[in-house]
Each structure stands twice: as structure tokens, then as C-alpha cells.
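# Commentary on secondary and tertiary structure
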Amino acid sequence: VPTLQRPSLAPEYADVAVIDIAALRNNNGLSAENRFRVIQEISDVCGNLGFFQIVNHGISESALEGAISVASKFFDLPTEEKLKLGSSDVRKPVRYATSFKDGVDKHQFWRVFLKHYAHPLNDWIHMWPDNPPDYREKMGRYCEEIKKVSVEVMEAILESLKLKASTTAALTKKLEDGMQVMAVNCYPPCPEPAMALGLPPHSDYSCLTIAYQNCQGLEIMDSTACSWKLVPHVPYALQVHIGDHFEVLSNGLFNSVVHRATLHRDRTRFSIVSLFSLGMDDNMGVAADLIDDEHPNKYRESSFRDFLDFLASNDIAQGKNFIDTLKIQKNN
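My aim in this report is to walk through the structure given alongside it, one point at a time. For every chain, the first residue of the written sequence is number 1, and numbering continues from 1 onward in sequence order. pLDDT decides what is reported in this predicted model: residues at 70 or higher carry local features, side-chain atom pairs at 80 or more are listed and counted, and totals for whole chains, interfaces and linings draw on all residues regardless. Only hydrogens and water are removed before side-chain values are computed, so all heavy atoms of the structure are retained for them.

Burial status follows relative accessibility: with a 1.4 Å probe on protein chains alone, a residue under 20% of its type maximum counts as buried, one over 50% as exposed, and anything between as partly exposed. Helix and strand assignments come from DSSP, with helices taken as H or I runs of at least 4 residues and strands as E runs of at least 2, each series counted from the N terminus. When you tally the buried positions in strand S7 (residues 208-213), you get six out of six residues, the bulk of the element. In terms of strand pairing, S7 meets strand S10 (residues 238-242) through four bridges, oriented antiparallel. Bridge pairing in S10 places Thr209 opposite His241. Two strands form a pair only when DSSP identifies at least two bridges running between them. Taken together, the six bridges between S7 and strand S12 (residues 269-277) define a ladder with antiparallel strand orientation. From the neighbouring strand, Gln213 faces S12, where its bridge partner is Ser271.

Here it is, written out as C-alpha cells:
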């Protein structure tokens, strides 16, 4: 990893909001006032860091631990077993690989991963690993639960943008029917954690990303301080990232968070990352309600397929970001 990008072994902690989202559920007897307060809190962090953690999300500790457990068992399998799913084709709906481009990066990253599509679950689960034998059951349970959480959080984010009710309803339906891509990441112990990264700096193409990690190692870019900050580990909390497509939708009111993964000298870090977007060929553009003479359209439309095309032909390790290709340049 180039010297300027090298991680600190004693990083500062990020000041990250931890939001109790129980009030977003309609059946908990809490007042509309509480719901409004939570939506306001979410709106504030979306316009600032673009990142927050959530608790009281409704996913049981056993479901979270079960997903980490089967992820760990999968990565413990012999290499030849994992390589049955091996591929460097970013368009494959299920694939196992190492680093971003499977060994052709100029800088190597200390990561192995399994990616698979997850919604609708019945369309994809038969393609997932059948070894370990309980992988599909436990990861499938997690995927269904995290999907419900994503819908609640995305509805709150859309509500906070104060779009027309018809716009919000149409987008909510599209997001419910949209893509759910799982990235199950394993970051093995690294003998020189100050000299390498698990993942290079990037923002996610998605509308929303929700991650669960077994220990800290996720760092976010604090744009006000122009420095990397470590996300504190809150047991059983979920990490929520605003993705590129929500930045586009909001016409830049919300920030897609730039983040990276750092490494540990003596322990394996797992993260189970759920990326939620519109359907493969559904374009996300700026909400028409947010465009006027004072606020011109700042972004081009794009789809998940456009992102895959970008990923197939660009090296993210070299600092190329999908969001930069979407920004409309002003004429001087």
C-alpha cells in the first residue's frame, strides 16, 4: 500500500451516531413523535458523514452469530472446495475470489470474499455454497432479516427527503423489489497491518449498505478533518452506509461515505455486507422534486449494471470511484 494510504496502528475513533430504530416499526406502540425524531436524526447523519450505526434493529443475536459462524466455516474449507465457486467475473451472481481483481491489482489487498445475490431469496439460494451444510439456512435467515431492516431504514431516508408522497411510494416499491447483493468478507491476520489494507478506499454503488462485523476494522473518511477514523465496535449493532445512488437521488444533499478495511495482526475479521439497490437495469437519477433553478441536476442516471461495467474495466485500488463518473461537470 502506498505510504500516504497506510493505516495508523493507533487511529482516532470516528464520532458516529448510534441510532435506536425501534420507533421506525409501526407495531411498537411508540408515538409518531418518536418516529419523526429518529427520521430527523437519520437525515442529519446522511447529510454529514453519510454513515451511522443502528441498534434495536430487530435481528436476534443468534441470527447475527449464526451468519458469522457459517461464514467462518466456509472460509475454513480447503481451497479447492472454495474454488468450485471461484471466478473473477464481476457479473457472476455467486462467486468466490481474493482481492478486487483476483491478483491483478498493482497493490494487493488482504481479503478473501464470497459474493452472492440474495433477493428474491428463492431465485438464488440454490446457487449458494452447500458446504458448510448449514450455510444456506443460517445465511438465508440473516439475509431475510437484514432485508426487512433495509426497507425500514430506506423508507425513513426517503421520508427525510420530503419528496412527493407518490415519488416516495414508487421508490419504496422499487427498492423492495430491487437487488440485494451480499459480500461475505474474510480478512485474515496480517503480519504487517501498518503496511497493507483489507480493502482500498471506496464508496459503495448501492442506495444503502448495511454491514455486520465481528470486530472493529472499518474506517471511514471524515471529510471535514480529511482523515481516516476508526468506527467503534458496538456489540450487535449494524453499520449503515449511504451509497452512491442515494447521493444521486438526493442531488448531493446526502453523502456517499468513503471507507476502507484495515487489518489485525493476530485475529481474523469477518464482515457480512448487504448492498441494496434498484433492479439490475433500473436507473437511479436525481429526484425531480429536488431540482429547480437554484439546485440544478448534478448527477447522471445509472443502474447496477452500469456499475458492474465500471467495475469490470476500472481498478478501484487506483482511486477510481463510480460516483465520480456520475457527476455532471459545470461549464465555466
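Time to look at the sheet that holds strand S9 (residues 227-230). The antiparallel open sheet is built from four strands, whose spatial order is S6-S11-S8-S9. Of all strands in the sheet, those bounded by a partner on one side alone are strand S6 (199-202) and S9. The mean inter-strand angle of the sheet, taken between neighbouring strand axes irrespective of direction, is 25°. Relative to S9, strand S8 (residues 218-222) runs antiparallel, the two sharing four bridges. Bridge pairing in S9 links Met221 to Trp228. To define axes, lines are fitted to C-alpha atoms, for helices over the stretch in contact only, and angles between the resulting N-to-C directions are given on a 0 to 180 degree scale.

Another aspect to go through is unusual backbone geometry. Peptide bonds are, in most cases, trans, and in most cases residues other than glycine have a negative phi. With an omega dihedral of -5°, the bond running from His119 to Pro120 counts as a cis peptide bond. Within the secondary structure layout, Pro120 lies in the loop between strand S4 (112-117) and helix H4 (121-124). With omega at 5°, the peptide bond leading from Asn131 into Pro132 counts as cis. Along the chain, Pro132 falls in the loop between H4 and helix H5 (135-160). Although it is not a glycine, Asn56 sits at a positive phi angle of roughly 55°. With respect to the secondary-structure elements, Asn56 resides in the loop between strand S2 (51-55) and helix H2 (61-75).

Criterion for a salt bridge: a side-chain nitrogen of Lys or Arg within 4 Å of a carboxyl oxygen of Asp or Glu. As enumerated under the stated definition, the model contains 13 salt bridges in all. A salt bridge links Arg25 to Glu152; its shortest N-O distance comes to 3.2 Å. Taken as a pair, Arg25 in the loop between strand S1 (18-20) and helix H1 (32-46) and Glu152 in helix H5 lie far apart in primary sequence, 127 residues in all. Its relative accessible area of 22% is what places Arg25 among the partly exposed residues. Exposure remark for Glu152: the relative accessible area of 18% places this residue in the buried category. Between Arg260 and Glu219 there is a salt bridge, and its shortest N-O distance comes to 2.9 Å. Placement of Arg260 in strand S11 (residues 259-261) and of Glu219 in strand S8 is noted, with a sequence separation of 41 residues between them. For the pair formed by Arg260 and Glu219, the shared burial category is buried.

The pairing test for Phe, Tyr and Trp rings, Trp by its six-membered ring, is centres within 6.5 Å, and the orientation test on the planes gives stacked under 30 degrees, edge-to-face over 60, and tilted for anything in between. As enumerated under the stated definition, the model contains eleven aromatic pairs in all. Pairing Tyr117 with Trp124 gives two aromatic rings, centres 5.1 Å apart and planes at 85°, and the pair type is edge-to-face. When its relative accessible area of 21% is taken as the criterion, Trp124 is described as partly exposed. Put simply, the rings of Tyr117, Trp124, Tyr205, Phe304, Phe307, Phe310 and Phe322 touch in pairs and so form one group of aromatic residues. By definition, being over a ring means that NZ of Lys or CZ of Arg is both within 6 Å of the ring centre and within 35 degrees of the ring normal. A cation sits over an aromatic face here: Lys115 above Phe113, 5.4 Å from the ring centre.

A few words on the packing of H2 against H5. Two packed helices can be described by the angle between their axes and the distance between those axes. Where H2 contacts H5, the axes come no closer than 8 Å and their chain directions differ by 135°. When the interaxial angle is binned, H2 and H5 end up oblique. Pair H2 / H5 crosses with left-handed handedness. Mapping the contact onto sequence places Ser62, Ala63, Leu64, Gly66, Ala67, Val70, Ala71 and Phe74 in H2 and Tyr135, Lys138, Met139, Arg141 and Tyr142 in H5. Class assignment of the residues belonging to the contact of H2 with H5 gives a composition of nine nonpolar, two polar and two charged. Should an angle fall under 35 degrees it is called roughly parallel, over 145 degrees roughly antiparallel, and 65 to 115 degrees roughly perpendicular, with every other angle called oblique. Crossing handedness follows the turn of the near helix against the far one: under a right angle anticlockwise gives a left-handed crossing, and clockwise gives a right-handed one. Here, two residues are considered to be in contact whenever any of their heavy atoms come within 4.5 Å of each other. Amino acid classes used here: Ala, Val, Leu, Ile, Met, Phe, Trp, Tyr, Cys and Pro are nonpolar; Asp, Glu, Lys and Arg are charged; the rest, including Gly, are polar.

Within the secondary structure, Tyr142 is located in helix H5. In this structure, the C-alpha to C-alpha distance between Tyr142 and Ile272, residues 130 residues apart in sequence, is 9.6 Å. When near neighbours in sequence (up to four residues on either side) are disregarded, Tyr142 contacts Ala63, Leu64, Ala67, Met182, Tyr212, Leu238, Ile272 and Ser274.

A few words now on the nonpolar core. Membership of the largest hydrophobic core comes to 85 residues, with the highest contact counts inside it found for Met139, Tyr142, Leu238 and Phe246. Residue contributions to this core peak at eleven residues, all from H5. By convention a nonpolar core is built from buried Ala, Val, Leu, Ile, Met, Phe, Trp, Tyr and Cys residues, the set being connected through side-chain atoms within 4.5 Å.

Turning our attention to the sheet that holds S12. Judged by pairing direction, the sheet is mixed, and its eight strands sit side by side in the order S1-S2-S10-S7-S12-S5-S4-S3 without closing on themselves. The open sheet is flanked by S1 and strand S3 (94-98), the only strands paired with a single partner. Each neighbouring strand pair of the sheet contributes to a mean axis angle of 25°, computed without reference to strand direction. Where S2 lies against S10, four bridges are found, and the strand directions are antiparallel. Residue pairing in the sheet places Phe51 in a bridge with His241 of S10. Across the face of the sheet, H2 comes into contact with S3, S4, strand S5 (179-187), S7, S10 and S12 while running at roughly 110° to S12.

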